[in-house]
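Residue-level listing of the chains:
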Amino acid sequence: MSFQSLGLSDALLKAISKKGYTTPSPIQEKAIPPVLEGRDVLASAQTGTGKTAGFTLPLLHYLSENPKAKFRPIRALILTPTRELAAQVYESVKDYSEFLNIKSAVIFGGVNQKPQVATLRRGVDVLVATPGRLLDLQNQNLLSIKRVEIFVLDEADRMLDMGFLRDIERVMKSMPEKRQNLMFSATFSKDIRKLANGILNNPVQVEATPENSTVDAISQKVYRVAKGKKTGLIIKLISEGNWKQVLVFARTKHGANKLTKKMISSGVSAAAIHGNKSQGARTKALSGFKNGSVRVLVATDIAARGLDIPLLPHVVNFELPNISEDYVHRIGRTGRAGANGQAISLVSADETLYLKSIEKLIGEKINVEIVEGFEPDPSASTEPIKPGQNRQPRNSRSRNSNNSGDNRTNRNRSKNNNSRRRNDRRS
Ligand code: AMP
């Protein structure tokens, strides 16, 4: 199939070819036609599948083929859970609309609202936003979403994980009832289906990859290793393998910082990206990683969510996630757009049960290797560490500190905490 046969306008085809895309990805093939028909769509797709273009291209096609008032009310609203994802989606919208008379903007928290408000005043057709800043500006009467014709909820599962349900409901109340709705989610829990029922009207369902199945292009490997030897092993693998662009997942913010420091002191350029970092620091780390000046990006799950780093060759789980689905999200960062990727997990004795439940979820056994000098500790307990807790003495700093970071325990805690500002800052 070609992009031409999907019926997109010449201006869009020109932008697509400028991006270097030759054929639509499976999610684009499946999602673009029903969106062009004006149908509501429920799509199962994670980052790396080309989902952003899957909703952006038909949305732009519709807006440009059906021009409206000159004063440019917001006609399309794309809601994303994190600032990074908002920024990346906005970049895509800008790229794809280069040859169209369409204006777009992005708004998110953690930065001065003034420039965002000034852009909105000049008129915007497509707005990409995180829920917190959107509602803030709306409450200040600085924007209106009363004229929205197309609403996109991106990464809906992560939205719920981050406690944004109430905010989404508030946003929906402010839009006209008659509109087109598109919802994208990597996983489909009961809560997601409930949310979809509330938002979507007789939706077409499309799927990029079967739920929770890992992409064939990704080769997965586990290194069994003693907990205390993980840092040495990862540095050895990166240095000796001459890996150039490595995304490393750490379970906690503190762990991410510690690992980053050790890498730097071993001569491997690295940066950490997590919720305690300022927006400026995160943007700097990400752009360094993209331009090659930073070889290793150490991230927590929430911070990494939605990062658009094409053709990522290596993903390392420094620690396995305690939620199996997060493993699928993490390794989905590699092997995209047909390139081969490698997903490596360093697994110590206390992560044995996590590994078993991941293998159960993905329906396959992952190959195990042991590196000489980095063997697992035969006397270590296989009892799982509690989420957010390092196995250290009772009075140790990390146990009592707030460094436990972006893990699911904290996410659930935030679900019960309706503080929108707090959630926005964590993103
Ligand atoms: P996404 O899943 O939207 O985050 O996109 C993942 C990556 O794939 C991005 O870097 C896109 O620029 C790229 N991409 C999207 N569509 C295509 C396509 N049809 N062909 C090649 N690359 C694509």
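Everything below is about the structure printed above this text.
Only a predicted model underlies this, so the values are computations on that prediction, with no experimental measurement involved.

Close contacts around the ligand come from 14 residues, with Tyr21, Gln28, Gly48, Gly50 and Thr52 the closest. Taking Thr23, its main chain carries an N or O atom lying 2.9 Å from a nitrogen atom of the ligand. Within the contact set of the ligand, an oxygen atom lies 2.6 Å away from a side-chain nitrogen or oxygen of Thr52. Surface burial for the ligand is 84%, taken as the share of its 500 Å² of free accessible area covered by protein chains. For the shell around the ligand, a count of residues per class yields 4 nonpolar, 8 polar and 2 charged.

We now examine the pairing of strand β4 (residues 126-129). The alternating pattern of β4 places Val126 and Val128 on one face and Leu127 and Ala129 on the opposite face, and all of these are buried. Where strand β2 (residues 76-79) and β4 come together, 4 bridges link them in parallel fashion. The partner of Leu77 across the bridge, within β4, is Leu127. When strand β3 (residues 104-107) meets β4, the two strands line up parallel, connected through 4 bridges. Paired with Val106 across the bridge in β4 is Val128. Assessed by its sense of winding, the connection that carries the chain from β3 through helix α5 (residues 114-121) to β4 is right-handed.

So, on to the sheet that holds strand β11 (residues 296-299). The 7 strands are arranged β10-β11-β9-β12-β13-β8-β14 in an open sheet whose pairing can be described as parallel. Each end of this open sheet is capped by a strand with a single partner; those strands are β10 (270-273) and β14 (367-369). Geometrically, the sheet is characterised by an average inter-axis angle of 25° between neighbouring strands, direction not taken into account. Pairing of β10 with β11, which is carried by 4 bridges, proceeds in the parallel orientation. What sits directly across from Ala272, in β11, is Val298. Contacting β8 (218-224), β9 (246-249), β12 (314-317) and β13 (341-347), helix α14 (residues 324-331) crosses the sheet at an angle of about 155° to β12.

This part is about the packing of α14 against helix α15 (residues 352-362). Think of two packed helices as two axes; the pair is described by the angle between the axes and how far apart they sit. Contact geometry for α14 and α15: axes closest at 8 Å, N-to-C directions at 70°. Classified by the angle between their axes, α14 and α15 sit roughly perpendicular to one another. Note on packing geometry: the crossing formed by α14 with α15 is right-handed. In contact with Ser324, Glu325, Tyr327 and Val328 of α14, α15 contributes Ser357, Ile358, Leu361 and Ile362. Across the contact of α14 with α15, the residue classes break down as 5 nonpolar, 2 polar and 1 charged.

With that settled, consider the pattern of salt bridges. Scanning all chains against the criterion turns up 19 salt bridges. Between Lys230 and Glu351 there is a salt bridge, and its shortest N-O distance comes to 2.7 Å. Pair noted here: Lys230 is in helix α10 (residues 230-240) and Glu351 is in the loop between β13 and α15, with a separation of 121 residues, a long-range link. There is no split in this pair, since Lys230 and Glu351 are both buried. Glu359 is the salt-bridge partner of Lys365, the closest N and O atoms lying 3.0 Å from each other. Residue classification places Glu359 among the buried positions, given a relative accessible area of 10%. Connected through shared salt-bridge partners, Lys51, Asp154 and Glu155 make up one network.

Quick notes on the rules
- Residues numbered from 1 in each chain as written.
- Predicted model: local features only at pLDDT ≥ 70, side-chain atom pairs only at ≥ 80, totals over all residues.
- Heavy atoms only, no water.
- Near = heavy atom within 4 Å.
- Polar contact = N/O pair within 3.5 Å; in protein donor to acceptor, adjacent residues only side chain to side chain.
- Areas by Shrake-Rupley, 256 points an atom, 1.4 Å probe, with all protein chains shown as cover.
- Nonpolar A, V, L, I, M, F, W, Y, C, P; charged D, E, K, R; others polar.
- Buried < 20%, exposed > 50% of the residue type's maximum accessible area, 1.4 Å probe, protein only.
- Helix = DSSP H or I, 4+ residues; strand = E, 2+ residues; numbered from the N terminus.
- Pairing = 2+ DSSP bridges.
- Right-handed = clockwise from strand over helix to strand, strands pointing away.
- Axes fitted to C-alpha atoms, helices over the stretch in contact; angles between N-to-C directions.
- Contact = heavy atoms within 4.5 Å.
- Parallel < 35°, antiparallel > 145°, perpendicular 65-115°, else oblique.
- Left-handed = near helix turned anticlockwise from the far one by under 90°.
- Salt bridge = Lys/Arg side-chain N within 4 Å of Asp/Glu carboxyl O.

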